[in-house]
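Residue-level structure breakdown
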Amino acid sequence: MNSPEQIEAEKLLSVLFYSPNATAVYKGDDITIISANQAMLSFWGKDNTIIGKHFRTVLPELDDQPFFDILKNVWDSGETFTAKNYPAILLTEDGPQKFYFDFEYKAMLDESGKTEYILHTASEVTERQQAMNLVEEKSISEQKLINDLSALNDEYLTTNEDLVLKHEELFAINTELRKIRKKLITANHTLAENEKRFKTLVEKSPVAMASLKGDRFEIDIVNDMVLQIWNKDRSVIGKPLEEALPELKDQVFIDILSNVYKTGRPYYGKEIKALFHNGEEMKEHYLNFVYQPIFDENNNSTSILIVATDVTEQVIARESVTEFKNRLEIAMDASRLGSTEVDLATGKMESTPQFKYNYGYAADEEFTYPDLFNAIFPEYRDHVRDLVREAILTNGIYKAEYPVKWRDGSTHWIQAHGRPRYDKNGVADRMVGMTTEITDKKLAEQRKDDFLSVASHELKTPLTAVKASIQLLNRIKDKPYSPTHLRLIEQSDKGIEKMCLLIDDLLNMSRLGQDQLMLQYNTFNLHDMLAKSCNHIRIEDRYQIILKGNQSLKVHADEHRIEQVIVNLVNNAMKYAKESMEIHILTESLEDYVKVSVQDFGEGISESVLPHLFDRYYRADHLGTTYSGLGLGLYICSEIIRKHSGKIGVDSKIGEGSTFWFTLPKKTEHIIADAALN
Ligand code: ADP
């Protein structure tokens, strides 16, 4: 043990012995303890007798710990080993105990790099370690605690949420329960009062109401309104409907009620006719009503509630409006009155077929406001527009007469009446118009105007001649009577005769116009009458009137009027067939009537004018020759014959002459009956 190496080692390491750190020096691969200071010995619990001994020998308690192997490895490898907080179980007085060390086995190498010594330094860190352990332990337990707490917290939170939800649920249930309870309480009350209230409701209702119980429709509740319709009093309560109102037996109502009761489906009746007995007779009512089934808790009908309104007045009012409308339509059709409604903004028109027809459009054609204005003669358009505008401004009626040109080029006269209609803001948005075609009236007016000028002209001509003759006569009145006097008197007489004829025509005309041509019937010999009237006519000797036919023919007629016809026809023959020296008058007896014909052999009449000869004011052209006349003679003749229920006509050929004829019925009874009608 006292080897020089040992001494040298001791010398070398003597300084370490005083170090507060535990120090030991080992040597050799058996780890011989060369040196150990007090601090190290204290750790080991040994004294310095262990110096020079083998590590394993003196510290057998460390055998099952890694220290020897580490030392051996350091010795062999020459590599220093350093450890911190390394545990070691050491023997103490109280037995083995665990300590912690920071230590180093430092390999001290010789020049050849071989381990010469191992320097072992150690410091005990048990307390620190324990503190650390404690800290660690604490921190672990703290963490655990935190974890636990957090888990707990989570759990708590979830529980809390659940609780909140549960709480809310409970709260809601509670509120609901309270409500139900409240409802139950009110329901109890309501149930009791419901029936009462229902009854009052029915009784006080402003519409007719009744409740019928069971499938026999026993009258349960009724109000005055329903009793009024039924014309019954409250004694009907409790009776089945059919018994209370036997008149319903043949009407639809009981069947409908049965169906509602059976199917549970309500029935809505609109304007259904019902007949109720009012004591004397059946009275007609029109009703709007509902049959509403009432169910028990098993959904079976128990009764039917009737709610009805009497709409009789409305229905009758509407019917009379419809009736009025129909009558209006008939009247409008009959008078060929067309009507329209114009939308002023769009120009669209809703027109009746007659309205369209008045402007030359078919019923199915579109006809607009611009179309209407286009049809109007251009010179009338502004005037019509002004009238319409003024009607809108004054809310008045406009009336206009204007000619229109149909698309086929023909001209027609229209009389239009119109009135604006206003929307709820007072703005005129529509125009209602009525039109009728007045072409005939207009032509008649035109003819009348023409006629008046012709008539005055015709009268003025002979009057002027008469006036001139009289003036001349006046001048020579003191002179001795001469042929001039005679000529002037004759001229005046002719003029006056002409005027008389014209005035006769005019008078007859006006009588015809007023339908005052009264016939005075008598039975007379036709031939005699003709012979007599021809004496009147035969003024100018150059004409010869030849009477032909049955001389004993008698007729029942107005002799004077028939003579007037003959005179007219013979006068016309002389006037329009001057070259015909003979005028033949033929009387014939045919099956039911007699026929009288006046034939001339003059120029004849063109076929195209024949149909118009008997028209009022009609006068044919005679190629340059002008004849005085009013175009009334033949018209008056035709009217006289028509009144006698006879016929009048003409057969004529250009260049051969004309035959004017008329017939008179033979059957006097017939004539008398007709005359009585006249
Ligand atoms: P008015 O003689 O005053 O013109 P009327 O009614 O008597 O009127 O006759 C109508 C027209 O019939 C006459 O304008 C004439 O053109 C035609 N007319 C009548 N009688 C004859 C006749 N015998 N021959 C040819 N034309 C006739």
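So, here is what we can say about the structure in this document. These numbers were taken from a predicted model, which means no experiment stands behind them. (Residues numbered from 1 in each chain as written. Predicted model: local features only at pLDDT ≥ 70, side-chain atom pairs only at ≥ 80, totals over all residues. Heavy atoms only, no water.)

1. Examining helix H9 (residues 312-334)
Given a rise of 1.5 Å per residue, 23 residues ought to cover 33 Å, and the 32 Å separating the end C-alpha atoms of H9 matches this to within 8%. Those residues of H9 that sit buried are Thr312, Val315 and Met332. Residues of H9 that are buried make contact with strand E8 (267-277), strand E9 (282-295), strand E10 (301-310), strand E11 (337-343) and strand E15 (428-437). (Helix = DSSP H or I, 4+ residues; strand = E, 2+ residues; numbered from the N terminus. Expected span 1.5 Å × (residues − 1). Buried < 20%, exposed > 50% of the residue type's maximum accessible area, 1.4 Å probe, protein only. Contact = heavy atoms within 4.5 Å.)

2. Brief notes about the packing of helix H14 (residues 483-513) against helix H17 (residues 633-643)
Where H14 meets H17, the closest approach of the two axes is 10 Å, and the angle between their N-to-C directions is 45 degrees. As summarised for this structure, H14 and H17 are arranged oblique, according to the angle between their axes. With respect to the hand of their crossing, H14 and H17 are arranged in left-handed fashion. Only Gly633, Tyr635, Ile636 and Glu639 of H17 make contact with H14, whose side of the interface consists of Asp505, Asn508, Met509 and Leu512. Grouping the amino acids of the contact of H14 with H17 by side-chain chemistry returns four nonpolar, two polar and two charged. (Axes fitted to C-alpha atoms, helices over the stretch in contact; angles between N-to-C directions. Parallel < 35°, antiparallel > 145°, perpendicular 65-115°, else oblique. Left-handed = near helix turned anticlockwise from the far one by under 90°. Nonpolar A, V, L, I, M, F, W, Y, C, P; charged D, E, K, R; others polar.)

3. Quick look at the pattern of salt bridges
Under the criterion given, the structure shown has 20 salt bridges. Of the charged contacts in the structure, one is a salt bridge between Arg389 and Asp386, with a shortest N-O distance of 3.5 Å. Taken together, the positions of Arg389 and Asp386, both in helix H12 (residues 378-394) and three residues apart, correspond to about one turn of that helix. Under the relative-accessibility criterion, Arg389 is labelled partly exposed at 48%. The shortest N-O distance in the salt bridge between Glu401 and Lys442 comes to 3.2 Å. Residue Glu401 is found in strand E13 (residues 398-405), and its partner Lys442 is found in helix H13 (residues 439-475); the two are separated by 41 residues along the sequence. Relative accessible area serves as the criterion here: at 27%, Glu401 is assigned to the partly exposed category. Under the relative-accessibility criterion, Lys442 is labelled buried at 18%. Salt bridges here are not isolated pairs; linked through shared partners, they connect Glu341, Arg421, Asp429 and Arg430. (Salt bridge = Lys/Arg side-chain N within 4 Å of Asp/Glu carboxyl O.)

4. Some thoughts on the site of the ligand
Neighbouring the ligand are 19 residues, the closest being Tyr576, Arg619, His622, Leu630 and Leu634. Ala620 places a polar main-chain atom, nitrogen or oxygen, 3.3 Å from an oxygen atom of the ligand. If the ligand stood free it would expose 540 Å²; the protein chains cover 98% of that surface. Mapped by element, the contributors of at least two residues to the shell around the ligand are helix H16 (559-576), H17 and strand E22 (657-665). When residues in the shell around the ligand are grouped by element, the largest group, four residues, is from H16. Grouping the amino acids of the shell around the ligand by side-chain chemistry returns ten nonpolar, six polar and three charged. (Near = heavy atom within 4 Å. Polar contact = N/O pair within 3.5 Å; in protein donor to acceptor, adjacent residues only side chain to side chain. Areas by Shrake-Rupley, 256 points an atom, 1.4 Å probe, with all protein chains shown as cover.)

5. So, a negative patch on the surface
Negative charge collects at one region of the surface, where Glu490, Asp493, Glu497 and Asp504 lie side by side. Here Glu497 is to be found in helix H14. According to the relative accessible area criterion, Glu497 is partly exposed, its value standing at 45%. (Patch = residues over 30% accessible without salt bridge, like charges linked within 9 Å, V, L, I, M, F, W, Y side chains within 5 Å. Lys, Arg positive; Asp, Glu negative; His and termini not counted. Charge placed at Lys NZ, Arg CZ, Asp CG, Glu CD.)

6. Comments concerning the packing of aromatic side chains
This structure, assessed with the given rule, holds 23 aromatic pairs. With a centroid separation of 4.6 Å and 35 degrees between ring planes, the pair formed by Phe289 and Tyr291 is classed as tilted. The pair formed by Phe289 and Tyr291 is uniform in burial state, with each residue classed as buried. Their ring planes at 85 degrees and their centres at 5.9 Å tell us that Tyr380 and Trp413 sit as a pair that is edge-to-face. Of this pair, Tyr380 sits in helix H12 while Trp413 sits in strand E14 (residues 411-422), and the two are 33 residues apart along the sequence. Taking relative accessible area as the criterion, Tyr380 reaches 25% and is therefore assigned partly exposed. Through a chain of ring-to-ring contacts, three or more aromatic side chains come together here, namely Phe67, Phe81, Tyr86, Phe103 and Tyr105. The ring of Tyr117 has Lys27 lying over it, and the distance from NZ or CZ to the ring centre is 4.8 Å. (Phe/Tyr/Trp six-rings, centres within 6.5 Å; stacked < 30°, edge-to-face > 60°. Lys NZ or Arg CZ within 6 Å of the ring centre and 35° of its normal.)

Interpretation in functional terms is not warranted from these geometric data alone.
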